[in-house]
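# Remarks on the overall topology
This is what each chain is made of:
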Amino acid sequence: MLVPLGGLEMNSTMDDINLIQQAQRHHHLVVRELGEEIDLEIGTGDDDPSSFTHSPLIGVVPPREYSADENDESKQQMILVSQVTSDDQDLCRSQPTKRKKKVVKRWREEWADTYKWAYVDMKEETARIFCSICREYGRKHRRNPYGNEGSRNMQMSALEEHNNSLLHKEALRLQMASKDKVIVDKPVFAKALMSKTAGSILEAVLKRDPHEVEFIQSAQEVVHALERVISKNSIYVNTMERLLEPERMLIFRVPWVDDRGETHVNRGYRIHFNQTLGPCRGGLRFHPSMNLSIAKFLAFEQTLKNALSPYRLGGASGGSDFDPKGKSDNEVMRFCQSFMNELFRFLGPDKDLPSEEMGVGSREMNYLYGQYRKLAGHSQGSFIGPRTNWSNTSLRTEATGYGLVFFAQLILADMNKDLKGLRCAVSGAGKIAMHVLEKLIAYGALPITVSDSKGYLVDEDGFDYMKVSFLKDIKAQQRSLRDYSKTYARSKYYDEAKPWTERCDVAFPCASQNEIDSSDAINLVNSGCRILVEGSNMPCTPEAADVLRKANVLIAPSMAAGTGGVVAGEYELKETNVNWSPEDFESKLQEAMKQTYQRALKTATDFGYLKDSPEALVHGALISAFLTVGNSMSEQGCV
């Protein structure tokens, strides 16, 4: 249990004690007064004793007892230590003593944010100073964690040295690898609600679908944002209850035969979540983690995202736990044909049209459409309508990535800033992430990272168009991002790690849901991030979202920032013989993103959220989308 430590400042205004508590959530800690001596055992392979002798940062003193006056003085400072009972302390005293150095550290409140990655715990009956992120100890690892007793700039330099040290990142990688080996049930993170009525809505969802963690998390975010709406109009309670139940859930068997003639069976999903506004639109995801909970959460998010677009569209999503990686073209074709054999009767321009998502690219979409055309007996050109003559490709994937950057630029413009010269951390290495890189380069920003399921790549010189083209070739050949480092020596690939420790101004998570947990959020805050633009659906865990909110990091929600793909998809479907130039396309997309941004911001203001609040865009987008769907549901009656 964490004991509250009182208010500390981050960026001169923020109370970041909650961040410290988040960093230490896996340790049972209490507050103990500063000035107490900490035993650091010096043994074989540990810290070099001689290094303490010449350090101006740590004093070596003989063991002694503190006086009452000194104890009173030390109450003005703080340190985090593990709970140690009196019996344990007596036991420690009874053990044979080893050669130790006594070090004294007097922490100062104004510098506490510098040390939130450090804590004291017992190791082999000895108190040691550990890194909060990778749980390792040792002077060489800490890279001078105490910083310097001089200026704050020197303190932060020590923090950067620690976070960027190779040893720290290697420890972080080992920590993530060990986590992956432990299989545990995912807990449901329940947030406190101000309204009993809103709480009753979530209770109904929990009773009905107690194991659907992703869907419950998504529902909680929406209900929290709608508390002020529900409190003003009780009719929306029933509307919300109906909205949280999908109109149609399809679960079906997908048998297919591999190249060796062996039969396999996967499970397919398609969720028609809500068709109040019009025919369904939504992606298909082929990934081993795909399940009903993820399919429902994606369809729910897509319903609200489509409601924010200029078009009247319903929301859907689906996919399969099939993994296309490592499969031959013939195997992927046979799977897609089997998948479509069951799904085709529910598809059509006025029913439901699927689009690309994780694990589904142009190859998969072409196989799916070929089988659909054969079974349905008609041809419309593709699932997204007539092909446009622009770069010989669909506009949809470009629009999603470009739209994210346009949305970030709109946010910065309201701050009298722009993207030029800003360091940007991007996760993922799919089409959306690559198009984000392209547009960031066009705006003069400095994108420095991409990632895959194995780790992340950082290039301190930043990516340019030639480097992005090389990255695309690497991914097209299904090679590792590690190969990039063989060509560009200034880059580095980190196994089993995430890019959120790198110094950045703006972050673009474009990988998958819940890719940013509480420790990642703390890393982002430490790294200087002030804007997070969600490229993937629900990239932050609830705990991470709380950390970012308390740190005043502005979040651009995916349902608003990601509407570019919806807009481009409808352009393709509705416009025939379109021959847009890149400039025309971008102009239309920028206007659509501007309308979405202004709509979310206006709704937030109407419901009492300050324009510069980190919650403004999130709540404004959710409320605006819900009101669009909810009012139409009320008008159409109980259907």
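Parameters at a glance
- Residues numbered from 1 in each chain as written.
- Predicted model: local features only at pLDDT ≥ 70, side-chain atom pairs only at ≥ 80, totals over all residues.
- Heavy atoms only, no water.
- Helix = DSSP H or I, 4+ residues; strand = E, 2+ residues; numbered from the N terminus.
- Buried < 20%, exposed > 50% of the residue type's maximum accessible area, 1.4 Å probe, protein only.
- Contact = heavy atoms within 4.5 Å.
- Areas by Shrake-Rupley, 256 points an atom, 1.4 Å probe, with all protein chains shown as cover.
- Phe/Tyr/Trp six-rings, centres within 6.5 Å; stacked < 30°, edge-to-face > 60°.
- Lys NZ or Arg CZ within 6 Å of the ring centre and 35° of its normal.
- Pairing = 2+ DSSP bridges.
- Axes fitted to C-alpha atoms, helices over the stretch in contact; angles between N-to-C directions.
- Expected span 1.5 Å × (residues − 1).
- Arc of directions from axis to C-beta.
- Core = buried A, V, L, I, M, F, W, Y, C linked by side-chain atoms within 4.5 Å.
- Parallel < 35°, antiparallel > 145°, perpendicular 65-115°, else oblique.
- Nonpolar A, V, L, I, M, F, W, Y, C, P; charged D, E, K, R; others polar.

Moving on: the overall build of the protein chain. Scanning the protein chain from N- to C-terminus turns up 24 helices and 21 strands. Counting over 639 residues, the protein chain shows a buried share of 54%. Within the protein chain, contacts between residues at least 6 apart in sequence are counted, and of these 72% link residues at least 24 apart. Looking at the protein chain as shown, the accessible area adds up to about 28500 Å², and 49% of this sits on carbon and sulfur atoms.

In the structure shown here, the tally under the stated rule is 20 aromatic pairs. An angle of 70 degrees between the planes, with centres 5.5 Å apart, marks the rings of Phe-286 and Phe-339 as edge-to-face. Residue Phe-286 is found in strand β12 (residues 280-286), and its partner Phe-339 is found in helix α13 (residues 329-343); the two are separated by 53 residues along the sequence. A relative accessible area of 0% means that Phe-339 is categorised as buried. A connected cluster of aromatic rings, assembled from ring pairs, spans Phe-252, Trp-256, Phe-286, Phe-322, Phe-335 and Phe-339. Across the ring face of Tyr-402, the terminal group of Lys-439 is positioned such that the distance to the ring centre comes to 4.5 Å. Of note, Lys-492 hangs over the ring of Tyr-494, and the distance from its end group to the ring centre comes to 6.0 Å.

Inspection of the secondary structure puts Thr-603 in helix α23 (residues 582-606). Other than its neighbours up to four places away in sequence, Thr-603 contacts Gly-620, Ile-623 and Ser-624.

Sheet architecture is open: 5 strands sit in the order β10-β11-β13-β12-β14, paired in mixed fashion. Since the sheet does not close on itself, it has two edges, and those belong to β10 (248-257) and β14 (352-356), each with one partner. Sheet twist, expressed as the average angle between the axes of neighbouring strands with direction ignored, equals 25 degrees. Looking at chain direction, strand β11 (residues 263-274) and strand β13 (residues 314-320) are connected through 6 bridges and run antiparallel. Each bridged residue has a counterpart across the sheet, and for Gly-268 the counterpart in β13 is Ser-320. Contacts from α13 reach β10, β11, β12 and β13, with the element oriented near 145 degrees to β10.

Let's shift gears to the environment of Ala-511. Along the chain, the position of Ala-511 falls in the loop between β19 (506-508) and α19 (518-526). Classification of Ala-511 as partly exposed rests on a relative accessible area of 32%. Separated by 82 residues in the primary sequence, Ala-511 and Ala-429 place their C-alpha atoms 7.5 Å from one another. If near-sequence neighbours (up to four positions away) are discounted, Ala-511 is found in contact with Met-358, Ser-427, Gly-428 and Ser-536.

So, about helix α14 (residues 362-376). When the terminal C-alpha atoms of α14 are compared, their 20 Å separation across 15 residues agrees well with the 21 Å that a helix rising 1.5 Å per residue should span. Every buried residue of α14 is accounted for by Glu-364, Met-365, Leu-368, Tyr-369, Gln-371 and Tyr-372. Axial view of α14: buried residues confined to an arc of 165 degrees, hence all on one face. The elements touched by buried residues of α14 are β12, α13 and β14.

Moving on to α13. For α13, built from 15 residues, the straight-helix expectation of 21 Å at 1.5 Å per residue is met to within 8% by its first-to-last C-alpha distance of 21 Å. The complete set of buried residues in α13 reads Glu-331, Val-332, Phe-335, Cys-336, Ser-338, Phe-339, Met-340 and Leu-343. Contact partners of the buried residues in α13: β10, β11, β12, β13 and α14.

What follows deals with the sheet that holds strand β17 (residues 455-459). With respect to topology, 7 strands assemble into an open sheet ordered β18-β17-β16-β15-β19-β20-β21, the strand pairing being mixed. A strand with exactly one partner marks an edge of an open sheet, and here the two such strands are β18 (491-495) and β21 (554-556). This sheet shows a mean twist of 15 degrees between the axes of neighbouring strands, independent of strand direction. As defined by bridge partners, strand β16 (residues 446-452) adjoins β17 across 4 bridges and the pair is classed as antiparallel. What sits directly across from Ser-451, in β17, is Tyr-456.

Here we come to the nonpolar core. Among the nonpolar cores identified, the biggest contains 94 residues, and Met-240 and Phe-508 are the most heavily contacted of them. In contact with Met-240, other than residues within four places in its own chain, are Ile-201, Val-222, Val-223, Leu-226, Phe-300 and Phe-626. Counting residues in hydrophobic clusters, the runner-up holds 19 residues, among them Val-254, Leu-368, Tyr-369 and Tyr-372.

The next point concerns the packing of helix α9 (residues 213-225) against helix α24 (residues 616-636). Here α9 crosses α24 at 90 degrees, and the two axes come no closer than 9 Å. Relative to α24, α9 is oriented roughly perpendicular. On the side of α9, the interface is formed by Glu-221, Val-222 and Ala-225, while α24 contributes His-619, Leu-622 and Ile-623. Within the contact of α9 with α24, the residues separate by chemical class into 4 nonpolar, 1 polar and 1 charged.

Take the packing of helix α12 (residues 292-308) against α24 next. Orientation of α12 relative to α24, taken along the N-to-C sense of each, is 85 degrees, at an axis distance of 8 Å. One finds that α12 runs roughly perpendicular with respect to α24. Along its contact with α12, which presents Leu-304, Ala-307 and Leu-308, the element α24 presents Ala-621, Leu-622, Ser-624, Ala-625, Phe-626, Thr-628 and Val-629. Residue composition of the contact of α12 with α24, by class: 8 nonpolar, 2 polar and no charged.

Turning our attention to the environment of Leu-622. Positionally, Leu-622 belongs in helix α24. Here the alpha-carbon distance between Leu-622 and Pro-557, two residues 65 residues apart in the chain, equals 8.9 Å. Discounting residues that sit within four places of it in the chain, Leu-622 has contacts with Glu-221, Val-222, Ala-225, Leu-226, Leu-304 and Met-559.

All right, on to the pairing of β16 then. For β16, a buried count of 5 out of 7 residues is recorded, marking the element as mostly surrounded by other parts of the structure. With 3 bridges connecting them, strand β15 (residues 423-426) and β16 associate as parallel partners. Along β16, the bridge assignment pairs Arg-423 with Leu-446. Where β16 folds back on β17, the antiparallel hairpin that results is connected by 2 residues.

Let us now look at unusual backbone geometry. A positive phi is found at Asn-416, a non-glycine position, where the angle reads about 60 degrees. In this structure, Asn-552 is a non-glycine residue whose phi angle is positive, near 60 degrees. Along the chain, Asn-552 turns up in the loop between α20 (542-550) and β21. Given a relative accessible area of 43%, Asn-552 falls into the partly exposed group.

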